[in-house]
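Secondary and tertiary structure notes
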Amino acid sequence: MKKIFVLFIVCSFMQNNVFAQLIHISTQENSLIFQITKHKKVVQSHYGKFLKNTQGLENMILVYNEAYPSFGNGQNDEVALLVNHDDGSMATDLFYLSHQQKKDDNIQTTVIHLKDEKKAFYVDLYFEAYANENVIEQWVTIHHNEKKEVNLSQFASSAIGFKATNYYLSHFYGSHSKEMMLSEERLTNGIKILETKRGVRTTEYENPSFMLSLDALAQENSGEVIAGALAWSGNFRFSFQVDDKARCQIISGINPFASTYYLPSGEQFETPKMILTYSDKGKNKASINLHRWAKKYNLRAGNELRPIVLNSWEGAYFKFDAVKLKSMMDGAAEMGVEVFVLDDGWFGNKYPRNNAKAGLGDWQVNQKKLPKGLDDLIDYTTSKGMRFGIWVEPEMVNPKSELAKKHPEWILQRQNNRKKLLERNQLLLDLSNPKVQDFVFNVVDNLLKKHPKIAYVKWDANRHIQNFGSTYLSAKKQSHLFINDTRGLENVLKRLEKKYASTIFQACASGGGRVDFGSMKHTHEFWASDDTDPYERLFIQWGTNHIYPPIATAAHVTKSPNHQTKRETSLKFRFDVAMAGRLGMELRPDNLDEEEVEFAKKAIALYKDIRPIVQFGDLYRLLSPYDDDGYAAINYVSRTKKDALLMVYSHTHHRRYERNFVKMQGLDPTLVYKVEEINKDSKKSHISFNNQLVSGEVLMNRGIWINLRKPLQSAIFKITETKPN
Ligand code: DGJ
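These remarks concern the structure in this document. This structure is a prediction, so every number in the text was calculated from the model and none was measured.

**Some thoughts on helix 10 (residues 571–578)**
For helix 10, a buried count of eight out of eight residues is recorded, marking the element as mostly surrounded by other parts of the structure. By the burial criterion, the buried members of helix 10 are L571, K572, F573, R574, F575, D576, V577 and A578.

Here it is, written out as structure tokens:
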């Protein structure tokens with residue numbers, strides 16, 4: 001039985017002398033403390049290192065803004081909340097009413113109730129603090145009993161402040177095939193905004209996450225760093241305001257752009273959750289906090305090992321029949337692959353999906369390509385000892401489809417009958433419409449009901465919302481579209497999660513367009529990028545794994561020269577990069593020669609052995625691919641610290657004595673480890689002490705020299721605790 005410790009405190013200003021009271025939200029290493037002032041304002045007192053003894057804090061001058069600044073509160077800074085009340089007034093000034101705290105095992109929940117000074121308008125600030133993971137989730141509910149509806153034009157999830165001499169922001173921008181590029185910059189006075197307004201496939205250009213370091217540029221293992229990410233798969237906006245008092249205030253939440261929200265009396269608006277963590281040991285610790293938290297609380301089956309997948313896309317694209325697919329399955333099974341995933345192109349009859357121009361929306365098996373249907377393929381896959389997976393893109397429709405003709409009203413369209421803008425020849429269904437939600441749910445539900453052996457669903461989404469307009473929403477409520485579309489998707493994913501608890505779901509959106517904690521809550525993994533070139537992937541995975549865990553990062557070995565970049569790389573290099581995430585393949589096995597098949601077989605067997613370390617262990621970033629010296633290195637350490645993996649990559653030419661020196665991290669300095677080079681493609685080792693014993697102290701503090709000098713060369717080492725004789 002779970003040990004439940006419940007602490008329940010209710011405070012109210014009906015009682016006397018409780019002014020300048022503190023509300024302490026804490027994890028093992030972090031404290032977020034609010035002060036209730038004598039004017040009944042709730043103001044942040046501290047966010048940072050855990051404070052055991054807060055004595056004196058309540059008497060200190062407050063340097064930060066209110067916990068939830070609203071327009072009309074008498075300050076002219078960025079606000080979290082802007083409301084037009086029922087009488088048209090725009091002022092909101094929130095005051096403390098009461099708060100409650102309770103602790104349930106690892107999670108401390110706090111709610112602070114605020115009320116407008118004049119109106120029956122309420123905001124509740126929620127915090128869930130995860131003790132072991134040092135993560136605090138923050139969100140807000142807004143409700144009122146005003147006579148008529150109000151409209152909300154700003155409604156952030158979180159507002160937090162810092163005071164330091166300098167602020168450095170790390171964030172992740174990109175484009176198709178270049179997602180999660182790391183940018184690091186010093187914030188100067190003014191406001192820096194990170195946002196997206198694209199509605200769907202939102203994370204391709206800017207990810208809803210950041211790291212902010214205080215005083216100095218973020219280092220991996222030192223300095224104060226705050227990491228944040230919004231659990232929302234739609235438009236987001238983070239503002240970082242550095243003001244004349246050298247404070248930095250971060251306001252984060254749904255992007256209010258074109259999203260005025262009408263809230264009737266008695267109803268509630270709930271914001272998505274902002275995930276926050278603080279580290280005083282640099283960026284890497286912040287990443288570990290987020291990864292551990294996600295695996296336990298924000299990723300489907302985060303405690304289950306992920307299977308090795310072979311996806312048909314880069315091997316077959318749209319050109320396949322059952323014979324070709326079965327030959328791919330043969331090859332996949334021979335190499336030890338565990339799931340065969342049939343990608344795009346298997347559906348549509350009147351408008352067959354033979355390219356990206358037609359068929360989306362018509363989710364019936366293409367009789368010409370696959371006359372014996374899906375079961376024939378599924379049975380073949382299972383007869384080979386693998387599971388079967390399938391690709392869908394159920395939010396979308398090609399104009400050339402039966403669905404588009406049958407339900408034109410389900411398609412998002414620009415108002416006043418303007419021309420519909422195509423992207424990849426397709427249009428978007430209106431997920432704000434419950435009927436469309438049902439349709440989208442049924443696409444997957446019908447497939448899984450009809451073919452219960454489908455074990456994996458790849459859910460793709462290949463366009464943004466440019467045709468802004470819904471025939472379902474009233475003229476006035478068009479501004480609900482961005483929000484309700486995202487909620488509609490969430491709703492469908494939740495229903496599927498409930499009904500198909502053991503089916504694996506991958507979030508994909510033209511590669512890494514859905515890499516966010518919002519969709520991750522209902523999926524098992526994400527496709528990080530359509531760029532499968534291992535050199536490029538070093539950067540993409542480096543950025544992605546700052547925030548999101550490697551267990552969820554699908555990384556596939558593809559053909560050389562790479563289809564996207566034409567770069568040639570060895571099969572070993574491709575495996576060594578893909579093994580740093582959830583390993584998979586995406587090629588035609590019969591294009592590999594015998595030697596390559598043998599190598600792939602061994603690499604896959606090896607990954608099965610090391611995957612608990614990659615998927616459940618902690619990731620340490622050692623050498624950044626962004627540094628000038630042409631190396632990248634990471635290591636993984638199991639939670640017991642008895643097993644580790646060191647992965648080192650050279651991506652340029654090096655002179656003999658250049659800095660290919662690596663100091664590992666996260667090991668137990670008191671243990672002795674055997675260091676064994678694995679996944680080798682020659683007899684030689686890249687270290688002089690292969691298979692020998694080295695102490696954790698030496699591996700971490702003295703460091704080791706690795707003989708990697710050529711471009712696109714790599715080496716992986718298994719580090720295993722071993723008792724010296
Ligand atoms: C975009 C995805 O990112 C690819 O992996 C592939 O599934 C294609 N769509 C299929 O159209």
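Read on for the rest.
**A short note on the packing of aromatic side chains**
Tallying each qualifying case throughout the model produces 27 aromatic pairs. Ring centres 4.5 Å apart and planes at 50 degrees place the aromatic pair Y130 and Y297 in the tilted group. Residue Y130 is found in strand 8 (residues 121–130), and its partner Y297 is found in helix 1 (residues 283–298); the two are separated by 167 residues along the sequence. Where F236 meets F238, the ring centres are 4.9 Å apart and the plane angle is 55 degrees; that geometry is what we call tilted. Members of the aromatic cluster, joined through ring pairs, are Y130, W293, Y297, F517, F526 and Y548. A cation over a ring is seen here: K369 above F320, with NZ or CZ 4.5 Å from the ring centre. Above the ring of W527, the side-chain terminus of R537 is found at 4.8 Å from the ring centroid.

**Regarding unusual backbone geometry**
Cis peptide bonds are those with omega within 30 degrees of zero, and the linkage from S560 to P561 qualifies with -5 degrees. Considering the arrangement of structural elements, one finds P561 in the loop between strand 30 (553–557) and helix 10. Phi angles above zero are rare outside glycine, and N417 is one such case at about 55 degrees. By the secondary structure assignment, N417 is in the loop between helix 5 (402–406) and strand 26 (427–428). Taking relative accessible area as the criterion, N417 reaches 74% and is therefore assigned exposed. You will see that N679, though not glycine, has its phi angle at about 55 degrees, which is positive. Counting through the fold element by element, N679 comes out in the loop between strand 36 (672–678) and strand 37 (692–695).

**Brief notes about the site of the ligand**
Around the ligand, a shell composed of 13 residues is seen, among which D343, D344, K458, D460 and D530 lie nearest. Between the ligand and W391, the relevant distance is 3.1 Å, taken from an oxygen atom to a side-chain nitrogen or oxygen of the residue. Take W527: an N or O atom from its side chain is 3.4 Å from an oxygen atom of the ligand. Alone, the ligand offers 300 Å² of accessible surface; in the complex the protein occludes 98% of this.

Parameters and conventions
Residues numbered from 1 in each chain as written. Predicted model: local features only at pLDDT ≥ 70, side-chain atom pairs only at ≥ 80, totals over all residues. Heavy atoms only, no water. Buried < 20%, exposed > 50% of the residue type's maximum accessible area, 1.4 Å probe, protein only. Helix = DSSP H or I, 4+ residues; strand = E, 2+ residues; numbered from the N terminus. Phe/Tyr/Trp six-rings, centres within 6.5 Å; stacked < 30°, edge-to-face > 60°. Lys NZ or Arg CZ within 6 Å of the ring centre and 35° of its normal. Near = heavy atom within 4 Å. Polar contact = N/O pair within 3.5 Å; in protein donor to acceptor, adjacent residues only side chain to side chain. Areas by Shrake-Rupley, 256 points an atom, 1.4 Å probe, with all protein chains shown as cover.

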